[in-house]
Amino acid sequence: MSVLGAVASDPMTASANESHPTRPRRLADVDTWFFETDVAIVGFGGAGACAAIEAADGGCQVAIFEVASASGGSTALSSAEVYMGGNGGTRVQQACGYEDSTEDMFNYIMAAQGDLADEAKIRLYCEESRNHFDWLVSMGAKYKNSEHKDRAIMALTDDCLLYTGNEKSWPFRDIAKPCPRGHNLEVEGDNGGPMLMGFLTEQVEKRGVRVEYNTRALTLIQDDEGIVHGLVVRMDNAERNVRTRKGVLLAAGGFVMNEEMLAKYAPRLAQGNIPVGNPGDTGAGILMGQGAGGALLHMGEGFISVPYYPPSSLTFGIFVNAQGQRFINEDVYHSRLMDHALRQVGKGIYLIVSHDDYDHPKFLNAEIAGTGETIEEMAEEVGLPADNLRHTVDYYNAHAARGDDPLFHKSAEWLKPIRAPYAALDCTPGSGVINPYFTLGGLDTLPTGEVLTMEKEVIQGLYAAGRTACGVPRRAEGYASGLSVGDATFFGRVAGKQMALAVSRD
Ligand SMILES: Cc1cc2nc3c(=O)[nH]c(=O)nc-3n(C[C@H](O)[C@H](O)[C@H](O)COP(=O)(O)OP(=O)(O)OC[C@H]3O[C@@H](n4cnc5c(N)ncnc54)[C@H](O)[C@@H]3O)c2cc1C
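Within any chain, residue numbers begin from 1 and follow the written order of that chain's sequence. In view of the model being predicted, local features appear only for residues whose pLDDT reaches at least 70, and side-chain atom pairs are presented and counted only at 80 or more, with totals across whole chains, interfaces and linings using the full set of residues. The side-chain figures draw on all heavy atoms in the structure; neither hydrogens nor water molecules are used.

J.: What am I meant to see in the overall build of the chain here?
T.: Strands here are runs of E lasting at least two residues and helices are runs of H or I lasting at least four, both read from the DSSP assignment and numbered beginning at the N terminus. Per the secondary structure count, the chain includes 14 helices and 21 strands. Against the compact-globule benchmark of 23 Å for 506 residues, the chain has a radius of gyration of 24 Å, which places it among compact chains. Residue burial is assigned from relative accessible area. The probe radius is 1.4 Å, only protein chains are included, and a residue is buried under 20% of its type maximum, exposed over 50%, and partly exposed in between. Here the chain holds 506 residues, and the buried ones make up 60% of them. Throughout, a residue-residue contact means that at least one pair of heavy atoms, one from each residue, lies within 4.5 Å. Taking as baseline every contact in the chain between residues at least 6 positions apart, the subset at least 24 positions apart corresponds to 75%. Accessible surface for the chain amounts to roughly 19,000 Å². Of this, 49% is attributable to carbon and sulfur atoms. In this tally, Asp and Glu contribute negative charge and Lys and Arg positive charge; neither His nor the terminal groups of the chain are included. Charged side chains are reduced to one point each, which is NZ for Lys, CZ for Arg, CG for Asp and CD for Glu. In the chain, 43 side chains carry a positive charge and 66 a negative one; their mean positions are 3 Å apart. What the globule rule says is 2.2 Å times the number of residues to the power 0.38, and the radius of gyration is computed from C-alpha atoms. Methods summary: accessible areas were calculated by the Shrake-Rupley approach with a probe of 1.4 Å, and residue burial reflects only the protein chains presented.

See the structure below:
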């Protein structure tokens, strides 16, 4: 087939059977190729950028197609916390006095992902994590040898290391030795994402990668045996066929901006009210992979949060459900708490706190549902069963005074009796409280990024990484900040290297 600068079809005259993500174009129907490349990457966010760098370093000709007019995606919007450790510790962990072991990191992530864990991916991620830190540094990442010790969602200082998951809380502290693994770039404020994508973009450009902005990938090109030979993109208002000799990587993010897909796959997640992502998170990459025969995994899962800290003093409080009963140790990571909150019976989730520990929550936006000099007074104002709430608080206080929490094993560091006057913050989903969320389900892939069918067969020529794939982070219950950018950048790199090794279809 010849490589011509010709346009495959004119969108102005396109019919109802025009390109759709889940309808791959048949190779036999391709008359002309706009251009050829070894590797084509859909999406210039974290996964796409890292894949492009590794594929180019592996000797490939690489092209990136990005629907937006600049690189970045959700990665550039993020805090760019990256979850890294093991192998004796990253340079920062060691400087801060932590000797992190690969087994502890592996055991922690395995336990946090529970039944959904992908052991092979987690093993590779942990074993290579310190190398990934060094690689990011070699690309331009600056990490200060300092620790942010507050209980925080992200470090707003330029300090690097912080606990970003459930490592110190029950049951995980008994499964693996706790260690902070969230790495924050050396930048003041929540500005890590632009910085990360800034230096990754420079690295991509330096390698002469062809980047086509304002170009939407529409669908894949597949032969009758299922092999992917390229993709169809809309560029300059026309559909164009691009041939790939080694592979197409789908790195187009998740589907948090696609209401139809959310309703279909993740209605529980959609109880959140702040979709966390960029406008390109429409699930296009997932749909393209699905159209080519790729299997989907854990599409109902995602990150969903109730950001009740900072201030950390609210962790001295207790969360109760509509029955006035506790349901979790409150020292957990905020998305684990939210995941458990969503499982409660009845409508009503409240954070009960002593006046002395109350400080205005920075991100929560929760109304004070009730206050009182007595539990009964507050319960009546909130509409909670007073007897139950009285029993919950008395039981909690009696044990907290001894540094114990026999029900949920909250760490002694966060235990103290709740005293009058009391306040109840309304954290009921839908009440106006902030519940950010994004998706974690996606295409089933090998750790190499190769996309798998329902029969677990590799689709030749097709790869996925980042939130288009179902990666290491798989559920809110076990999420830790830094796992998504960590997974996207790390497995983007792995896929880039794998594509470079693929046999070229000349
Ligand atoms: C505000 C915010 C804070 C966050 N903080 C953190 C954090 O600190 N740590 C962490 O681990 N995670 C964080 N996350 C989540 C994390 O940023 C993302 O899950 C992750 O960066 C996704 O990376 P990606 O490469 O898969 O996708 P992206 O970075 O979103 O890149 C995908 C790209 O694909 C493009 N695209 C989509 N469809 C097409 C198409 N059809 N054709 C061409 N291009 C297309 C998009 O425009 C986009 O540029 C945060 C997210 C947000 C929004």
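J.: Any chance you could explain the pattern of salt bridges here in plain terms?
T.: In a structure, side chains of opposite charge can pair up when their charged atoms sit close to one another. By salt bridge we mean one thing: a side-chain nitrogen of Lys or Arg within 4 Å of a carboxyl oxygen of Asp or Glu. The final tally for this structure, using the stated rule, is 31 salt bridges. The partner of Arg-245 in a salt bridge is Glu-36, with the nearest N and O atoms 2.9 Å apart. Here Glu-36 lies in strand S2 (residues 35-42) and Arg-245 lies in strand S10 (residues 238-250), a separation of 209 residues in the sequence. Note that Arg-475 is salt-bridged to Glu-477, the shortest N-O span being 3.0 Å. Residues Arg-475 and Glu-477 agree in their burial class; the two are buried. Three or more residues joined by partner-sharing salt bridges are found here, namely Arg-268, Arg-336, Asp-339, Arg-343, Arg-475 and Glu-477.

J.: I tried to follow the sheet that holds strand S4 (residues 82-83) on my own but got confused; where do I start?
T.: Ordered in space as S4-S6-S5, the three strands form an open sheet in which the pairing is antiparallel. Of all strands in the sheet, those bounded by a partner on one side alone are S4 and strand S5 (161-162). Whether two strands pair depends on DSSP finding at least two bridges between them. Pairing analysis gives two bridges linking S5 to strand S6 (residues 182-183), with the strands arranged antiparallel. Bridge pairing in S6 places Leu-162 opposite Gly-182.

J.: Any chance you could explain the packing of aromatic side chains here in plain terms?
T.: Any aromatic ring pair is given by two values, namely how distant the centres are and how the planes are angled relative to each other. Within 6.5 Å between ring centres, the rings of Phe, Tyr and Trp (the latter by its six-membered ring) count as paired, and their orientation is classed by plane angle as stacked under 30 degrees, edge-to-face over 60, tilted in between. Taken as a whole and assessed by the stated rule, the structure comprises 17 aromatic pairs. Here a set of aromatic residues connected by ring pairs shows up, and it is made of Phe-303, Tyr-333, Phe-438 and Tyr-479. Directly above the ring of Phe-106 sits Arg-123, whose terminal nitrogen or CZ lies 3.8 Å from the centroid. In this analysis the charged atom, NZ for Lys or CZ for Arg, is taken to sit over a ring once it is within 6 Å of the ring centre and within 35 degrees of the ring normal. Between the NZ or CZ atom of Lys-416 and the centre of the ring of Phe-316, over which it lies, the distance is 4.4 Å.

J.: Whenever I open this one, the sheet that holds strand S11 (residues 274-275) confuses me. Can you help?
T.: The strands that make up a sheet pair up through hydrogen bonds in the backbone, lying either parallel or antiparallel. Strand order in this open sheet of three strands is S11-S18-S13, and the pairing throughout is mixed. Only two strands of the sheet have a single neighbouring strand rather than two, namely S11 and strand S13 (302-304). As paired elements, S13 and strand S18 (residues 436-439) share three bridges and run antiparallel to each other. Of the residues in S18, the one forming a bridge with Ile-304 is Tyr-437.

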